[in-house]
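Fold and geometry: a report
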Amino acid sequence: MPRIHKLSEALADRIAAGEVVDRPASVVKELVENSLDAGAARIEVELREGGRKLIVVVDNGVGMEREDALLALERFATSKISDADDLHHIETMGFRGEALPSIAAVSRLRLLTRPPEADEGTLVVVEGGEVKQVEPVGCSVGTRVEVADLFYNTPARRKFLSSVNTERGHCHEGVLRLALARPDVAFKLSHDGAVLLATTGKGDLLSVLAAAYGSATARQFVPVHFEAEGFSVEGYISGPRLMRATRQHQFFFVNTRFVRSRSLSHALTQAYGNLLPVTRQPVCALHLRLSPEDVDPNVHPTKIEVRLASEGLVHDLMVRAVRRALEAAGLRAQPVESMREDREQEPLEAAGRYSLGSRLRVSPVADKLDVRDDGIGVYAHPTRFSEPREVRPQERESLRLTPSDESRSDTPTALAQVGLRYIVAMIGKELLFIDQHRAAERVLLEKLRAVERPAKQFLTLPQTLELTPSQAAAVAEHSELLADMGFDVERFGPRGWLLRAVPAGLEYGAPEQALVELLDELAEWQAPASQEARAEQARAMVACHAAIKAGQRLSKEQMQRLVEDLLATSSPAVCPHGDPIILTLSDEDLDRRFERPVR
Ligand code: ADP
Ligand code: MG
């Protein structure tokens, strides 16, 4: 590796500036990236108290001579670029020469390092940016950086650190990204002595996914290999049974650098088309290779966003790559956009009424999507209203289903399920079209509101779960809330969890699925300050994730019960999000449709 030197002021000025150290996870990221740049094949990360107390990163990379070890701690000292031209083809993770000095300035740092050719190593001790001690030591080849008491000298920033669990979750997520970026490097992450992640370094991305998500989940990934026009993408995407509530589990790497990219996420969504349930997101770990000239990582201080020279082209190639992979796995996606266009051209214009009394028109109630026999894979976009579908807040709760006089005494009869997501029912002389998910959500929410604390319903067979770092952090952080809602989750082995109980009185298709989705949402939840608001939001989240989903086949009895329960709620017409639950079609509507004079 070239020796370290200070960048000229002019060059330093051209580098995207900004704070790189804001929490333990960013320290971990910077240190591990340095280890990767040093050619390490093995990297171990140890944390204490979420990294607030101690972060140790040990590698077996090239190490540093005494002189370099000291220079490395100065601002804008780097071995990775030397002139402005180098900024156009950056192939290392770091290049700004800012991380080590920034970290050293706000912690007690010890650096032990030894290059392979040296007989002994060097120890440098820094406190709040001041070098306190430099001396030769015996140590193994490579570098060990210990960062203790982060922000000890900047109390305001220390105060902004979150709980141990949250910080640990962020660190875990960060190391996972790097481990997925570099399956050829063996990573080990431990926290207060417990191993959170360990990869083999044998170069197999699927084995890293298995280490992170468990082997059962890893088996549900579909491989992607694609090459065209100087672009290649390799990796794994989730099959239709493995979907998450957020995009947090989409790992994109551009030339091994983890990036967040709306454009790439969008390409993924577009490629899945109608394979994607409306509210779900695919999981992926995809490596894109582009010529370094086409990628500019120098736009964001932590380099989490990069600029791609031909973003549109990359987007389109990504869509093709994912679509082809899905097809190879027997999953044929239909683009959602074009289905929507088709639908708009359809002459059929049902004159339905929304929640008796309001005058909204609906597009065809049953659209013509293919639903596979086993019910998986082909969920569709909900039927959209062609007239304003907004319901004003004050209207929401006041909308009531008020059947006409003739039908008042009637109980509803569930007739059929359409497209595995709507229930057709009859009440009096009216046909009801009910969105099964929204209906179930409304029913559940009212059940939860009706009791102070839902009772626990113990599962006959406790379910084992494998949780991701952030889901596990959400369990810890919201343990009280989960218990209050009636969930009983506990640790089971190093990575496993056991779900013992769920809120009683709720109907679950898959309780573990409901919990995992809930945890994904809790992980990103900004809890309101007021106790009451918090409880209500928690109830709404539980109701949403525990509710019957679109795509779930229902028996006649289940439909009947759901319709009856729905009509017994205080507000059956709109779901907790304000979306309509019921569309109706009366005999008079049919008269109009058949152009029969209205009586
Ligand atoms: P940058 O990575 O942007 O160059 P840093 O402040 O992170 O800046 O590191 C400064 C320099 O210290 C690096 O350029 C590298 O030469 C050296 N260095 C840092 N960490 C290590 C390590 N783990 N092994 C070997 N060299 C390292
Ligand atoms: Mg660096």
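Residues numbered from 1 in each chain as written. Chains lettered and ligands numbered in written order. Predicted model: local features only at pLDDT ≥ 70, side-chain atom pairs only at ≥ 80, totals over all residues. Heavy atoms only, no water.

Check the secondary structure of the chain and you find 19 helices and 27 strands. When the 599 residues of the chain are sorted by exposure, 54% land in the buried category. For the chain, contacts bridging at least 24 residues in sequence account for 71% of all contacts bridging at least 6. Surface accessibility of the chain: about 27,600 Å² in total, with carbon and sulfur atoms responsible for 49%. (Helix = DSSP H or I, 4+ residues; strand = E, 2+ residues; numbered from the N terminus. Buried < 20%, exposed > 50% of the residue type's maximum accessible area, 1.4 Å probe, protein only. Contact = heavy atoms within 4.5 Å. Areas by Shrake-Rupley, 256 points an atom, 1.4 Å probe, with all protein chains shown as cover.)

What follows concerns the sheet that holds strand 9 (residues 186-191). Taking strand neighbours across the sheet as the criterion, the eight strands line up as 7-6-5-8-3-2-9-10 in an open arrangement whose pairing is mixed. Of all the strands in the sheet, just strand 7 (130-137) and strand 10 (194-198) have a single pairing partner and so form its edges. Taken over all neighbouring pairs, the strand axes of this sheet differ in orientation by 10 degrees on average, direction set aside. In this sheet, strand 8 (residues 142-148) lies alongside strand 3 (residues 54-59) in antiparallel orientation, the contact comprising six bridges. Its bridge partner lying in strand 8, Val56 is registered against Glu146. Set on the sheet, helix 2 (residues 24-37) makes contact with strand 2 (42-48), strand 3, strand 8 and strand 9; between it and strand 3 the angle comes to about 10 degrees. (Pairing = 2+ DSSP bridges. Axes fitted to C-alpha atoms, helices over the stretch in contact; angles between N-to-C directions.)

Attention shifts here to the site of ligand 1. Near ligand 1, the surroundings consist of 21 residues, among which Thr78, Ser79, Lys80, Arg96 and Gly97 are the closest. Between ligand 1 and Asp59, the relevant distance is 2.9 Å, taken from a nitrogen atom to a side-chain nitrogen or oxygen of the residue. Measuring from an oxygen atom of ligand 1, one finds a backbone N or O atom of Leu100 at 2.9 Å. Of all the secondary structure elements, the ones that give two or more residues to the shell around ligand 1 are strand 4 (77-78) and helix 4 (99-105). Broken down by element, the shell around ligand 1 gets its largest block of residues, three residues, from helix 4. (Near = heavy atom within 4 Å. Polar contact = N/O pair within 3.5 Å; in protein donor to acceptor, adjacent residues only side chain to side chain.)

A word on the side chain of His287. Secondary-structure assignment places His287 in strand 17 (residues 284-289). Looking at His287, the relative accessible area reads 13%, which means it is buried. At a separation of 2.9 Å, a polar atom in the side chain of His287 contacts the main-chain carbonyl oxygen of Leu180. Beyond its immediate stretch of four places on either side in the chain, His287 contacts Leu180, Ala181, Leu205, Ser232, Val233, Glu234, Phe253 and Thr256.

For the rest of this paragraph, the subject is the pattern of salt bridges. Evaluated as defined, the whole model comprises 20 salt bridges. Between Arg144 and Glu146 there is a salt bridge, with the nearest N and O atoms lying 2.7 Å from each other. Taking the shortest distance from any N to any O, the salt bridge between Glu536 and Arg539 comes out at 3.0 Å. Placement of both Glu536 and Arg539 in helix 17 (residues 531-546) is noted, with a separation of three residues, approximately one turn of the helix. Glu536 sits in the partly exposed class, given a relative accessible area of 23%. Within the structure, one salt-bridge network assembled from shared partners comprises Lys53, Arg108, Glu127 and Asp149. (Salt bridge = Lys/Arg side-chain N within 4 Å of Asp/Glu carboxyl O.)

Extensive coverage of strand 22 (residues 422-427) is indicated by the burial of five of its six residues. Between strand 21 (residues 413-418) and strand 22, which follow one another and run antiparallel, lie three residues, and Gly419 among them has a positive phi close to 60 degrees. Pairing geometry for strand 22 and strand 23 (residues 430-435), over six bridges, is antiparallel. Across the sheet, the residue bridging to Ile427 is Glu430, located in strand 23. Adjacent in sequence and paired antiparallel, strand 22 and strand 23 are bridged by two residues, among which Gly428 carries a positive phi angle near 55 degrees.

A positive phi is found at Glu229, a non-glycine position, where the angle reads about 50 degrees. In this structure, Glu229 sits in the loop between strand 11 (221-228) and strand 12 (231-238). Judged by its relative accessible area of 58%, Glu229 falls in the exposed class. We note that Leu420 has phi near 55 degrees; this positive angle belongs to a residue other than glycine. Within the secondary structure layout, Leu420 lies in the loop between strand 21 and strand 22.

Parts of the model with low pLDDT should not have their predicted coordinates read in detail. The pLDDT averaged across the chain works out to 80; a share of 80% of its residues lies at or above 70. Scored below 50 in pLDDT, residues 338-409 shows 129 contacts in the model against residues more than four places distant or in partner chains. (pLDDT = per-residue confidence, 0-100.)

Most of helix 14 (residues 469-477) is tucked away: seven of the nine residues are buried. All of the buried residues along helix 14 are Pro469, Ser470, Gln471, Ala472, Ala473, Ala474 and Val475. Turning to helix 14, the residues buried within the fold contact helix 6 (164-181), strand 13 (243-244), strand 24 (456-466), helix 15 (479-485), strand 26 (496-503) and helix 16 (511-523).

Turning our attention to helix 18 (residues 556-568). Compared with an ideal rise of 1.5 Å per residue, which puts 13 residues at 18 Å, helix 18 spans 18 Å between its outermost C-alpha atoms and is within 8% of the ideal. Taken residue by residue, helix 18 has Met559, Gln560, Leu562, Val563 and Leu566 as its buried positions. Mapping the buried residues of helix 18 onto a view down its axis gives an arc of 165 degrees, with all of them on the same face. In this structure, helix 18 carries Glu557 and Ala568 as exposed residues pointing more than 90 degrees from its buried face. Those residues of helix 18 that are buried lie in contact with strand 21, strand 22, strand 23, helix 13 (436-450) and strand 27 (582-586). (Expected span 1.5 Å × (residues − 1). Arc of directions from axis to C-beta.)

Turning our eyes to something else, we now look at the sheet that holds strand 14 (residues 250-254). The strand order across the open sheet formed by five strands is 11-12-17-14-15, and the pairing between neighbours is mixed. The open sheet has two edge strands, strand 11 and strand 15 (257-259), and neither has a second partner. Neighbour-to-neighbour, the strand axes of this sheet turn through a mean angle of 20 degrees, independent of strand direction. Across eight bridges, strand 11 lies against strand 12 in antiparallel orientation. Within the sheet, the bridge partner assigned to Val224 lies in strand 12 and is Gly235. The sheet strands contacting helix 9 (residues 262-272) are strand 12, strand 14, strand 15 and strand 17, and the helix crosses strand 14 at an angle near 120 degrees. Taken strand by strand, helix 10 (residues 311-328) contacts strand 11, strand 12, strand 14 and strand 17, and its axis lies near 135 degrees from that of strand 11.

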